[in-house]
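Secondary and tertiary structure notes
Each chain, letter by letter, is given below.
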Amino acid sequence: MDTSSKENIRLFSKNSMQPVGRLSFKTEYPSSEEKQPCCCQLKVFLGALSFVYFAKALAEGYLKSTITQIERRYKYERYSPISNSTLSISPCLLDSNNSLSIPVVEKSQSKINNECQVDASSSMWVYVFLGNLLRGFGETPIQPLGIAYLDDFASQDNAAFYIGCVQTVAIIGPIFGFLLGSLCAKLYVDIGFVNLDHITITPKDPQWVGAWWLGYLIAGSITLLAAVPFWCLPRTLPRPRSREDSSSSSEKSKFIMDDLTDYQTPPGEKAKIMEMARDFLPSLKSLFGNPVYFLYLCASTVQFNSLFGMVTYKPKYIEQQYGQSASKANFVIGLINIPAVALGIFSGGIIMKKFRVSIRGAAKLYLGSSVLGYLLFLSLFALGCENSDVAGLTISYQGTKPVSYHERALFSDCNSRCKCSETKWEPICGENGITYASACLAGCQTSTRSGKTTIFNNCTCVGLAASKSGNSSGMVGRCQKDNGCAKMFLYFLVIAVITSYTLSVGGIPGYILLLRCIKPQLKSFALGIYTLAVRVLAGIPSPIYFGVLIDTSCLKWGFKRCGSKGSCRLYDSNAFRHIYLGLTMMLGIMSIFLSTAVLFTLKKNYVSKHRSFRTKRERTMVSTRIRKENCTTNDHLLQPNYWPGKETQL
């Protein structure tokens, strides 16, 4: 090359605001001393991005842990405000005049009517809506720009490992979110505002509502703290030398469709809003015209429908199916299940880095983990528990014959003299091992309290079904399920952990497949569309239709104080299990078929592109030899259309 050409290249490299991405002159690469700050800055960015992912995931995990707490808010009936009382109060309001209970009922009813007027005009939902709206605005740029920034400035071998680290930390967030939910669920909702000595129920009671609001203050503070490090990061970084001569370029050329149209802005110029608007539709058309990207987008959206619905209702499933408390359900999910997901994602990143898996290999790993994971998921259908014995709902008051789903038999001869409400759900456990919807429906005549323990005596319905001790008393709370259910719960945890790990192994290979099947200049845009599709088409609708279908298995609905319908208090265990697991499995099978289509499309494109690639390579070798003989340098080589970090500048 002549002297003038070299001088022009040095002049351009000196004055350019962005590093030249396609030039391969050895004199232009930074020395080993200059590479160290770049590596350190990238790792600082990796740590900052991981912390943001952690904070975001912690808030999302905590949100899911509070659903069962929020949906059962109401004030429960306290039979005695005195800490240690032997005063007898009759839960069963008889027809005879009762000087103690009737005025209390009239006074409480008047108070309820006043509270209903306040609740009708409440606009608290607006604050919840605005909070989630602002949260969505803030979280939108994190995934597309953050991951694209890492992929631009990390070496080819480390890109998958770094992304795996970020995703692993993102999974650790829900661990702390569910553990925080477990801690807050043990604290009473009005802690700090009421005298806890007057609270007569415990966290094991189905009426218990934890301090769900406390965790949101903690999660919000952590999120604000996570934004601080980004103010100290540089706008861009030098590109590693290993990315200049990467083997992925030739591999990507076999899958990415050619497009002669280029809508990129030259280096040093800022894209205007009108130019970006003009480029939007052609870029969107280019993305959806890529069959690999489109099929993977569909497969991921369907799979996330399955996973979002499953994770959202897993605490409720554990509570209803295995009779566990809300605190224990959140603790188990946070400490056992989610770490398996984190380990699976990290393992996927290690596999991609160690074995240098190709694009087709990543697609095979993604498909294989899905197939094996959902096969293991099938075994959960056999790990269920039978319905709890609830008088009038699952068994008769005599404790002999089961009650059909459509039969309304909460009232019986044993409680016919009591003025009981059919809508109340304040369960007690009789000495006979049968749960009753309320002490009144159990026909209890007296009640005594010692500390936080309330005992109901002379319960006519409890005595109707013979108990082992022959007593006709009961205690606040639902009866525990049999010992066989505890073993089933242990087996469920083991299978759930293995399934979560297996499904998570394919997470990073799938993500790398997404990044490698698109053009570099469309990377941020493609990740943005991917995030939008997953959130809008999976994150929003899946909890809705999962909840609607699950509620069809409800046996006992709760009612609010104003008479409107509340949340479900008791589910049919068998129907709940089949709907919850069946819907998850059906969506998983659909995603497997779409993932198979992705693999076949990659294979088809590889065969067709490989032939044209060989011909094009021969032409390139001939033209390169001619250019070397002429020793000419074209001006357009000095002005690349795309440079690393163009779309991800902070």
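Look up: the structure comes first, before these words.
Reference entry: report on the structure contained in this document. Note that the coordinates shown come from a computational prediction; the quantities given were computed from them, not determined experimentally.

**Remarks on the packing of aromatic side chains**
- Scanning the model with the defined rule gives 27 aromatic pairs in all.
- When the ring of Phe 576 is compared with that of Tyr 580, the centres are 6.2 Å apart and the planes differ by 80 degrees; the resulting orientation is edge-to-face. One end of the pair is Phe 576 and the other is Tyr 580, both in helix α20 (residues 573-630) and 4 residues apart, which spans about a single turn. The pair Phe 576 / Tyr 580 is uniform in exposure class, with both members buried.
- An aromatic cluster of three or more residues is present, and its members are Tyr 317, Tyr 322, Phe 489, Phe 492, Tyr 571, Phe 576 and Tyr 580.
- Its guanidinium or amino end placed over the ring of Tyr 53, Lys 56 lies 5.4 Å from that ring's centre, counting from NZ or CZ.
- Sitting above the plane of the Phe 161 ring, Lys 353 keeps its charged end 5.8 Å from the centroid.

**Some remarks on the pattern of salt bridges**
- Summed over the entire model, instances satisfying the criterion amount to 2 salt bridges.
- Here Lys 56 ties to Glu 60 by a salt bridge, and the two come within 4.0 Å at their closest N and O atoms. On the criterion of helical spacing, the pair formed by Lys 56 and Glu 60 is a turn pair, its members being 4 residues apart in helix α2 (residues 32-65).
- The exposure class of Glu 60 is partly exposed, given its relative accessible area of 27%.
- Arg 135 is the partner of Glu 60 in a salt bridge, and the nearest nitrogen-oxygen pair spans 3.7 Å. Of this pair, Glu 60 sits in helix α2 while Arg 135 sits in helix α5 (residues 124-139); the two residues are 75 residues apart in sequence, bridging distant segments of the chain.
- Among the charged side chains, a salt-bridge network with shared partners connects Lys 56, Glu 60 and Arg 135.

**Concerning the state of the cysteines**
- A full pass over the atoms with the stated rule returns 6 disulfides.
- Paired through a disulfide, Cys 414 and Cys 461 show a sulfur-sulfur distance of 1.9 Å. Every disulfide takes its handedness from the sign of the S-S torsion; for Cys 414 and Cys 461 that torsion is 95 degrees, giving right-handed. With a gap of 47 residues between them, Cys 414 in the loop between α14 (359-378) and β2 (428-430) and Cys 461 in helix α15 (residues 460-464) connect regions that are remote in the sequence. Accessibility assignment for this pair places Cys 414 and Cys 461 in one class, buried.
- In this model Cys 554 forms its disulfide with Cys 568; the gap between the sulfur atoms is 2.1 Å.

Cut-off values and rules
Residues numbered from 1 in each chain as written. Predicted model: local features only at pLDDT ≥ 70, side-chain atom pairs only at ≥ 80, totals over all residues. Heavy atoms only, no water. Phe/Tyr/Trp six-rings, centres within 6.5 Å; stacked < 30°, edge-to-face > 60°. Helix = DSSP H or I, 4+ residues; strand = E, 2+ residues; numbered from the N terminus. Buried < 20%, exposed > 50% of the residue type's maximum accessible area, 1.4 Å probe, protein only. Lys NZ or Arg CZ within 6 Å of the ring centre and 35° of its normal. Salt bridge = Lys/Arg side-chain N within 4 Å of Asp/Glu carboxyl O. Disulfide = S-S within 2.5 Å.

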